[in-house]
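The primary structure of each chain is shown beneath.
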Amino acid sequence: MERFASESEALAHTLAGVLAEKLERKSNFFKENCVRNTCYVRMNRYPPCPKPSEVYGLMPHTDSDFLTILYQDQVGGLQLIKDNRWVAVKPNPRALIINIGDLFQAWSNGMYKSVEHRVMTNPTVERFSTAYFLCPSYDAVIECSGDCPSYRNFSFREFRQQVQDDVKKLGYKVGLPRFSNHLY
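Residue indices follow the written sequence of each chain, beginning from 1 at its first position. Only residues with pLDDT of at least 70 are given local features in this predicted model, and only at 80 or more are side-chain atom pairs given and counted; all residues enter the totals for whole chains, interfaces and linings. Excluded from the side-chain calculation are hydrogens and water; included are all heavy atoms of the structure.

Caption draft 1: Just a nonpolar patch on the surface, in detail. Note on patches: the residues involved have over 30% relative accessible area and no salt bridge, like charges join within 9 Å, and the nonpolar side chains Val, Leu, Ile, Met, Phe, Trp and Tyr join within 5 Å. Reported accessibility uses the Shrake-Rupley method at a 1.4 Å probe radius. Residues are deemed covered only where the shown protein chains occlude them. A pairing counts as a salt bridge when a side-chain nitrogen of Lys or Arg comes within 4 Å of a carboxyl oxygen of Asp or Glu. A cluster of nonpolar side chains, namely M1, V41 and M43, defines an oily patch on the protein surface of about 300 Å² accessible area. Helix numbers and strand numbers start at the N terminus; a helix is a DSSP run of H or I with at least 4 residues, a strand a run of E with at least 2. Along the chain, the position of M1 falls in the segment before α1 (2–22).

Take a look at the structure:
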């Protein structure tokens with residue numbers, strides 16, 4: 001697990017740096033702001049479910065970080081939204097899945113999009129996955145790039161607190177729309 005974490009950390013910083021350079025932003029932002037005590041690894045276990053069409057393994061959501069690196073087993077169940085339809089992500093034992101998170105969407109002013117995804121249960125086989133989440137320090141300020149920013153500046157602490165408050169009050173995550181500079 002330690003090896004997965006350290007190699008995922010290095011990969012996440014490399015990918016984030018490349019994406020930042022494509023935006024002509026400072027690539028060292030992630031090295032300076034994404035610290036080990038806010039980045040984390042999560043192991044997920046999804047037990048078999050006799051009624052998979054009625055129970056999610058994980059509700060539809062976007063990730064509340066910069067980048068997520070995911071390894072999934074061969075059972076499958078991960079789906080993402082593409083062209084307003086849920087599409088299964090076929091497991092590949094030699095591949096990692098990289099998700100752009102909400103913070104990267106805001107930081108890039110929407111150039112990169114956070115991917116909505118969910119996990120469906122399997123009726124007979126349990127499923128496992130391991131994810132690494134690249135997160136900034138709680139006081140790091142997420143500043144939207146560009147002349148016409150889509151999102152106001154906010155700290156990771158403020159974002160996390162708003163997500164937690166929304167889940168408690170509404171039962172679901174609202175996420176980035178709470179920080180939008182535009183009225184819909």
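Having put the structure on the table, let's press on.
Caption draft 2: How the structure looks around the packing of aromatic side chains. In this analysis, rings of Phe, Tyr and Trp, with Trp reduced to its six-membered ring, are considered paired at centre separations within 6.5 Å, and the interplanar angle assigns stacked below 30 degrees, edge-to-face beyond 60, and tilted for intermediate values. Counting across every chain of the model gives 14 aromatic pairs. Ring plane angle 80° and centroid distance 5.8 Å describe the contact between F29 and F66, whose orientation is recorded as edge-to-face. With F29 in helix α2 (residues 29–33) and F66 in the loop between β2 (56–61) and β3 (67–72), this residue pair connects regions lying 37 residues apart in the sequence. Taken together, a centroid distance of 6.0 Å and an interplanar angle of 90° make the contact between F66 and F104 edge-to-face. Of this pair, F66 sits in the loop between β2 and β3 while F104 sits in helix α3 (residues 102–107), and the two are 38 residues apart along the sequence. Exposure categories follow from relative accessible area, calculated using a 1.4 Å probe and restricted to protein chains: below 20% of the type maximum is buried, above 50% is exposed, and the middle band is partly exposed. Here F104 falls in the buried class, since its relative accessible area comes to 0%. These aromatic residues form a ring-pair network of at least three members: F29, F30, F66, F104, W107 and Y112. The criterion for a charge sitting over a ring is simple: Lys NZ or Arg CZ within 6 Å of the ring centre, and within 35 degrees of the ring normal. In this structure, R25 is placed above the aromatic ring of W107, and the distance from its NZ or CZ to the ring centre is 4.1 Å.

Caption draft 3: Here's a closer look at the UniProt feature "domain: Fe2OG dioxygenase" (unreviewed entry) in the protein. UniProt positions are given in the numbering used here, feature names are shortened, and annotations may be inferred rather than shown by experiment. Here the UniProt feature "domain: Fe2OG dioxygenase" (unreviewed entry) sits at residues 37–136. Summarising residues 37–136: 6% helix, 44% strand, and an end-to-end C-alpha distance of 9 Å.

Caption draft 4: Structural context of the sheet that holds strand β1 (residues 40–46). Any two strands with at least two DSSP bridges between them are considered paired. Strand order in the open sheet formed by 4 strands is β1-β8-β3-β6, with antiparallel pairing between adjacent strands. Strand pairing shows two members of the sheet lacking a second neighbour, β1 and β6 (97–100), which therefore form its edges. Going across the sheet, the axis of each strand differs from the next one's by a mean of 20°, ignoring polarity. Judged from the 6 bridges that link them, β3 and strand β8 (residues 127–134) form a sheet pairing that is antiparallel. Directly across from Y71, in β8, lies its bridge partner T130. Here a residue-residue contact requires only that any non-hydrogen atoms of the pair lie within 4.5 Å. Here an axis means a line fitted to C-alpha atoms, over the contact stretch when the element is a helix, while the angle between two N-to-C directions is reported on a 0 to 180 degree scale. Running over the sheet, α1 touches β1, β3, β6 and β8 and is turned about 55° from β8.

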